[in-house]
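A closer look at the structure
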Amino acid sequence: MLYGSIGTGIKNGAFNNTADPAADLLSNNLLTEPQEVISYELGAKTSWLDNRVTANFAVFYMDYNDLQVRQGCTSCGDGGLPLNYLSNAADAESTGFEVELSAAPSSNIRLTAGVGYNDAQYGSFENVENRRTGAIEDASGNSVPLAAEWTMNASAEHDATIGGGILTSRLDINYIDERFSDRGVLNQADDLIPSQTLLNGRLTYRPDDLSLIHI
């Protein structure tokens, strides 16, 4: 199956929590405007070898307007304390692809794999306050926080008949690329979250005669 889609969405604006609404109104920090996005996607969903193998592909492009981002300042909260607030970037773009594969080489073995790529960057995003120094900087072209460039996953599952029941063993591995934290608008090194790999294993047993299970 080949498909294409165009969609649009909106995330409502909001008022920020503030100790000085009048000052924040003058500095455009009181109200966050609604965030809008238009998304384009092309893809294919395929099956092979009597449905024992499936392969799905998709490419996408997302165009954000007034993207809501979390910023902060070092001393504009109550009593000169740090304060975090939502604001709007002028625009941002996200481009990437996803690939998903699954296979059943035999009746008791199931395999899956997936990879995703996402290049998410701000367009024009000027006048960003550095929450450490108070300096005003330009974040145009920076990577969008929490948007990892690469993600990967794979799994293997096996069923074995043992003692009148089914023993299922499963192994999963997930990888997420390094990305900036939700406060990393300026892409500073100490806001970078390292890449992570998570390995999970699971072993379950299900007897054929469920009446043998007592609660």
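Before reading further, recall that the structure is shown in the block above.
Bear in mind the structure is a predicted one, so any value in this text is a computation, not a measurement. (Residues numbered from 1 in each chain as written. Predicted model: local features only at pLDDT ≥ 70, side-chain atom pairs only at ≥ 80, totals over all residues. Heavy atoms only, no water.)

Quick look at the pairing of strand β5 (residues 53-65)
- In the sheet, strand β4 (residues 35-48) pairs with β5 via 13 bridges, with the strands oriented antiparallel. From the neighbouring strand, Lys45 faces β5, where its bridge partner is Asn56.
- Between β4 and β5, which pair antiparallel one after the other, the connecting turn spans four residues, and Leu49 there sits at a positive phi close to 50 degrees. (Pairing = 2+ DSSP bridges. Helix = DSSP H or I, 4+ residues; strand = E, 2+ residues; numbered from the N terminus.)

Digging into the sheet that holds strand β8 (residues 91-106)
- Sheet architecture is open: eight strands sit in the order β1-β4-β5-β8-β9-β12-β13-β16, paired in antiparallel fashion. Edge positions in the sheet fall to β1 (2-11) and β16 (196-207), since each of these pairs with one other strand and no more. Looking at each pair of strands side by side, their axes are set apart by 10 degrees on average, direction ignored.
- Bridging between strand β9 (residues 109-122) and strand β12 (residues 150-162) involves nine bridges; their strand directions are antiparallel. Each bridged residue has a counterpart across the sheet, and for Val115 the counterpart in β12 is Met152. (Axes fitted to C-alpha atoms, helices over the stretch in contact; angles between N-to-C directions.)

What to know about the side chain of Glu157
- With respect to the helices and strands, Glu157 occurs in strand β12.
- Using a relative accessible area of 14% as the deciding quantity, one classes Glu157 as buried.
- Reaching out from Glu157, the side chain makes a polar contact with the side chain of Arg110 at a distance of 2.3 Å.
- Within the structure, Glu157 has its side chain in polar contact with the side chain of Arg170 (distance 2.9 Å).
- Every residue in contact with Glu157, bar those within four places of it in the chain, is listed here: Asn108, Ile109, Arg110, Thr168, Ser169, Arg170 and Arg202. (Buried < 20%, exposed > 50% of the residue type's maximum accessible area, 1.4 Å probe, protein only. Polar contact = N/O pair within 3.5 Å; in protein donor to acceptor, adjacent residues only side chain to side chain. Contact = heavy atoms within 4.5 Å.)

Examining the pattern of salt bridges
- Summed over all chains, the structure comprises four salt bridges.
- Note that Arg110 and Asp159 form a salt bridge whose closest N and O atoms lie 3.1 Å from each other. With a gap of 49 residues between them, Arg110 in strand β9 and Asp159 in strand β12 connect regions that are remote in the sequence.
- The partner of Asp172 in a salt bridge is Arg170, with the nearest N and O atoms 3.0 Å apart. (Salt bridge = Lys/Arg side-chain N within 4 Å of Asp/Glu carboxyl O.)

Side note on the packing of aromatic side chains
- This model, assessed by the stated rule, comprises five aromatic pairs.
- A ring pair is formed by Phe97 and Tyr117, whose centres lie 5.8 Å apart and whose planes are at 25 degrees; its orientation type is stacked. Here Phe97, found in strand β8, pairs with Tyr117, found in strand β9; they are 20 residues apart in sequence, far enough to count as distant.
- Using a relative accessible area of 28% as the deciding quantity, one classes Phe97 as partly exposed.
- Look at Phe97 and Trp150: their rings are 6.0 Å apart centre to centre, the planes differ by 75 degrees, and that puts the pair in the edge-to-face class. A residue pair is termed long-range when its members are at least 10 positions apart, and Phe97 in strand β8 and Trp150 in strand β12 qualify at 53 residues.
- Ring pairs connect the aromatic residues Phe97, Tyr117 and Trp150, which therefore count as one cluster. (Phe/Tyr/Trp six-rings, centres within 6.5 Å; stacked < 30°, edge-to-face > 60°.)

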